[in-house]
Amino acid sequence: MNKKILLPILILSIGCIIFLASGSFFQSKENIEDKFNFSFRYAEGEDFKWRLTALSSELQIDSSDIVNNKYPLCLTVAPFNNQSDTRPHNLTVAFNQMFEIEKKYNKDSIRIILNSKSINLTQSLLNVIKFDCEFNVIQTIEKDIKHEEWKNDTVLLSLNNTQFIQIGILALGDYAITEKRKFSLDRMEVQIGNCDLSEIKIKEKKLKLSDKNIIPLDTVNLFSNISVPPDKKIIALGETIHGNGSISRFQVEFIKKMVKENNCKLVLFESCMYTTLLLDLYIHGIIPEEKISDLKLDLSPSTVGDPEILTELFKWLKDYNQGKTKTVHIAGNHNGWYNILKSPLFDYVYAFYNNNTSKHLRPLLVLLNNRENTENYNNILAYMDTHKQELINIMGEKNFEIFHYAVLKNTPLTPSTTTEELYHELNSRDFSMFNNSMKFINTWLSEEESAVVVAHLGHTNKKYVMRGVIPYVFSMGYYFEKQFGEAYYNIGITAGEGEITAPLPRESVRRIVHMKKPVQNSFEDVCSSKQLPWLCFYPPANKPLITKVRLIGNIYTPTETYAEINLTTLTDAFIFIKRSEGYKNMNEVAKGDSLLFQIEKVHERNEIIKSFGSK
C-alpha cells in the first residue's frame with residue numbers, strides 16, 4: 001500500500017540544519033512493539049514513520065520512565081559542546097505527517113488522541129490542518145498539550161470537503177531555562193469513524209503522464225522548443241534538489257534566454273542579500289574582472305547553484321550590460337545571518353573607494369569593520385543619514401537605496417532570545433524573501449520588465465504551506481501569486497538519479513553524494529520510464545495531478561524526503577533531468593566554506609583600515 005507523506009518541514013538553524021529522521025527509530029515492527037507504545041500503522045505491512053525535524057534536539061527512548069509497561073519516546077535538548085557551541089541549546093521540535101482522505105469518508109469525523117507530557121517547555125501543541133484537493137487550508141485546530149504529567153489530549157473534527165489532513169506536534173523550550181527540557185510521547189490513536197487509521201486501506205493511484213503534455217529537450221540547445229508567455233512578470237525556477245550542478249546549468253541557460261527574449265532585467269537568488277550586492281557591482285563593471293575569483297569563493301557557501309557555472313552567468317551578464325542604458329541586476333532575497341568575518345557590506349563600500357571618495361567613505365568603512373555592538377550599528381545608520389547626499393553622489397541613488405535597505409535588514413546584534421522568537425523568525429523566512437524580492441523588483445524593474453527567481457521548489461510553489469504545524473505560514477510563491485496573479489509563472493526542476501553536492505547529516509563539509517533511485521510511482525520514477533535525458537512536462541489545465549516529488553535541501557539525508565504536490569495548482573511546468581552531476585570544482589567550494597578563507601578576509605580589511613592612518 002502507498003504511504004502518503006507530504007509537506008515535510010524544513011527548519012533552518014544558524015549555520016547548519018540538523019535533520020533527525022525518525023525512520024531509524026521505527027525500522028521494524030519488533031522495535032515498535034517491544035520498546036514503546038507508539039504503534040499505529042498507516043499501510044498494511046509498513047510501520048508508521050513520523051517526519052521529524054529538530055533544532056539542536058535529540059530523539060531517544062526514555063529508559064527512565066515506564067508507561068503502560070513500556071518506554072516512551074523522548075525529545076530532549078542536545079548536550080552543550082564547549083568547542084562548538086556559543087550558548088546552551090534550545091528545544092525546537094516539529095513532528096508532522098499528512099494523510100489522504102478518500103471521498104467516502106467525507107461524512108465521517110476524525111479523532112486524534114495523544115498521550116504525552118512536557119517538562120520545562122514554553123509551549124507544546126497538537127495541531128491538525130484540513131486541506132482541500134488544491135491544498136487550500138480549510139480548517140485548523142491547535143490543542144494545548146503542555147502538562148508535566150501523562151495525559152490524553154483529544155482533537156475531534158469533521159472530514160467534510162477534506163482531501164488531506166495533516167497532524168503535527170510542536171514543542172518549544174527556550175534558551176533561558178537551565179533545567180532539563182523534554183517532550184515525551186507514549187501513544188497516538190487516529191480514528192476515522194469507527195475505524196483505526198491502520199485499518200483503512202488506501203488504494204494505490206498510479207501516476208500517468210500523457211505524452212501530449214511532454215516535450216523532449218535537446219541537450220545541446222535546451223530551450224529550442226520552450227517558451228514562456230510574454231505576459232509573465234515573475235518567472236520562478238524552483239529546484240527540488242539543492243547542490244545539483246545539472247540544475248544549475250539549466251538555470252543559467254534559462255536566465256540567458258529570459259534576458260534575451262523576455263525582457264528580464266532582474267535575477268533573484270535564494271541567497272545572502274549582502275554577498276549578491278557585490279555580484280551586482282561586478283556585472284556593472286564597478287568591481288574589476290580580476291576580483292571574480294574572490295567573489296566566487298564568497299558565493300560558494302551562500303547561493304543556490306554551482307559557483308563555477310554561476311560565474312559563467314555573471315561574466316555573460318557583465319558583457320551583456322556593457323553599453324546598455326537599461327541593464328540587468330542581480331540580488332539575493334534572503335536576509336541570511338550576517339557573518340562578521342566575511343563582512344560583504346564593507347567590501348561593497350570599498351568598491352567605490354578612491355582618492356576622490358575617500359573623505360566620505362573612510363569613516364563608514366571604519367564603522368563597518370568594527371560592527372561589534374548595537375551602538376556601533378546605530379552609528380552606521382546615523383552616518384549614512386547625515387551624509388546621505390554625499391553617499392548618493394558616490395554610489396548612485398538606487399545603489400545607495402539598496403545598500404541602506406541591506407544595512408537595515410542586517411540585524412544580527414539583536415538575536416532572538418527565546419525559542420518562540422527564533423521559531424517564528426525562521427518560519428517567516430518565505431514572507432521575508434518575498435518582501436526583499438519586492439524591494440528589488442520595485443527598485444530595478446519598470447512595468448514592462450520581468451524578473452527570474454531561483455530558489456527551492458518549496459519556496460516557489462504557489463499554494464504550499466511551508467511549515468505544516470504552523471498554519472497560514474505560506475511559501476514565497478504563494479505571496480508572489482497573490483501579488484501578480486497569472487503574471488507569476490512557476491517552473492519546477494527535478495532529477496532522477498546521479499550526483500549532488502551536499503553534506504551528510506551532522507556534517508558541515510560538502511561532498512559528492514549519489515542519490516537513490518526515485519521511489520516507485522513518484523514523478524521522477526514515471527519520468528525516468530520515458531527514456532528521455534531531459535524533458536519538460538506541462539500539467540494539464542484544470543485537472544488535479546497529485547504526485548510525489550523529491551525535496552532535498554542543504555543536507556542530503558539517506559532517507560530521502562518526498563512531498564505530494566498538485567502539479568496543476570502549484571506549478572506551470574516541470575523540467576526533468578534523467579541523470580544529474582554534482583558541482584564541478586569541489587576544491588574551490590571547500591575553500592569558500594573554510595574558516596581560513598574568512599580569516600584571510602578579516603586580515604585584508606584590517607590592513608585597509610591601517611592604511612587610512614598614513615593618508
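Residues numbered from 1 in each chain as written. Predicted model: local features only at pLDDT ≥ 70, side-chain atom pairs only at ≥ 80, totals over all residues. Heavy atoms only, no water.

## As for the overall build of the protein
To keep things clear, this is the line we draw: A run of DSSP states H or I qualifies as a helix once it reaches four residues; a run of E qualifies as a strand once it reaches two. Both are numbered from the N-terminal end. Think of it in three bands: residues with accessible area under 20% of the maximum for their type are buried, residues over 50% are exposed, and the middle band is partly exposed, with areas taken using a 1.4 Å probe on protein chains only. Contacts are assigned to residue pairs that have any heavy atoms within 4.5 Å of one another. All accessible areas in this document rest on Shrake-Rupley with a 1.4 Å probe, and a residue is counted as covered only by the protein chains that are shown.
Across its full length, the protein holds 18 helices and 22 strands. Within the protein, the fraction of its 615 residues that count as buried is 59%. Across the protein, every contact between residues at least 6 apart in sequence was considered, and the portion connecting residues at least 24 apart equals 78%. Total accessible area on the protein is roughly 25600 Å²; 48% of this is exposed by carbon and sulfur atoms.

## A few points about the pattern of salt bridges
Rule in force here: Only one rule defines a salt bridge in this text: a Lys or Arg side-chain nitrogen within 4 Å of an Asp or Glu carboxyl oxygen.
A complete count under the given rule lists 14 salt bridges for this structure. Across the pair glutamate 261 and lysine 257 runs a salt bridge whose closest N-O atoms are separated by 2.9 Å. Placement of both glutamate 261 and lysine 257 in helix H2 (residues 245–261) is noted, with a separation of four residues, approximately one turn of the helix. Given a relative accessible area of 54%, glutamate 261 falls into the exposed group. Taken together, the shared-partner salt bridges connect Arg249, Glu253, Lys256 and Glu312 into one network.

## A short note on the confidence of the model for the protein
Put simply, the test is: One confidence number per residue, pLDDT, is output by the predictor and ranges from 0 to 100.
Within the protein, residue pLDDT values average 79, and 76% of them lie at 70 or more. Below pLDDT 50 for its whole length, residues 1–49 participates in 154 contacts with residues either more than four positions away or in separate chains.

## Some remarks on the packing of helix H10 (residues 397–409) against helix H12 (residues 429–444)
To be explicit about the condition: Between N-to-C directions, angles span 0 to 180 degrees; the directions come from axes that are lines fitted to C-alpha atoms, helices contributing only their stretch in contact. These descriptions rest on fixed angle ranges, namely under 35 degrees for roughly parallel, over 145 for roughly antiparallel, 65 to 115 for roughly perpendicular, and the rest for oblique. Following the grouping adopted for this structure description, the nonpolar residues are Ala, Val, Leu, Ile, Met, Phe, Trp, Tyr, Cys and Pro, the charged ones are Asp, Glu, Lys and Arg, and the polar ones are all others, Gly among them.
With their axes 11 Å apart at the nearest point, H10 and H12 run at an angle of 170° to one another. Taken together, the axes of H10 and H12 lie roughly antiparallel to each other. Across the interface between the two elements, Lys398, Asn399, Glu401, Ile402, Tyr405 and Lys409 of H10 pack against Asn435, Asn436, Lys439, Phe440, Thr443 and Trp444 of H12. Here the residues of the contact of H10 with H12 sort into four nonpolar, four polar and four charged.

## Notes on the packing of aromatic side chains
Each aromatic ring pair is characterised by the separation of its centres together with the angle its planes make. The following threshold applies: Classification of ring pairs rests on two measures: the distance between centres of Phe, Tyr or Trp rings, Trp counted by its six-membered ring, which must be within 6.5 Å, and the angle between planes, read as stacked under 30 degrees, edge-to-face over 60 and tilted in between. Only when the NZ atom of a Lys or the CZ atom of an Arg is both within 6 Å of the ring centre and within 35 degrees of the ring normal do we say a charge sits over the ring.
The tally for this structure, following the rule as stated, stands at 18 aromatic pairs. Aromatic side chains phenylalanine 434 and phenylalanine 480 sit 5.4 Å apart centroid to centroid with 80° between the ring planes, which places their arrangement in the edge-to-face category. One end of the pair, phenylalanine 434, is in helix H12; the other, phenylalanine 480, is in helix H14 (residues 476–484), and 46 residues separate them in sequence. Ring centres of phenylalanine 480 and tyrosine 488 lie 5.4 Å apart, and the angle between their planes is 20°; this geometry places the pair in the stacked category. The buried category is assigned to phenylalanine 480, whose relative accessible area is 0%. Residue tyrosine 488 is classed as buried on the basis of its relative accessible area, which comes to 1%. A network of ring pairs unites the aromatic residues Phe431, Phe434, Phe474, Tyr478, Tyr479, Phe480, Phe484 and Tyr488 as a single cluster. Over the ring of tyrosine 320 we find lysine 324, and its NZ or CZ is 4.1 Å from the ring centre. Above the face of the phenylalanine 346 ring, arginine 605 is positioned so that its terminal group lies 5.8 Å from the ring centre.

## Overview of the nonpolar core
The following threshold applies: Among buried residues, those of type Ala, Val, Leu, Ile, Met, Phe, Trp, Tyr and Cys that are joined through side-chain atoms within 4.5 Å constitute a nonpolar core.
With 107 residues, the main nonpolar core has Phe254, Leu266, Phe314, Leu364, Phe403, Phe480 and Ile575 as its most contacted residues. The leading source of residues in this core is helix H3 (residues 273–283), at eight residues. When residues no more than four places from it in sequence are discounted, the contact partners of phenylalanine 403 are Leu345, Tyr348, Val349, Leu364, Leu368, Met384 and Met395. In terms of nonpolar packing, the next biggest core, distinct from the first, is built from 27 residues, Leu126, Ile165, Ala171 and Met188 among them.

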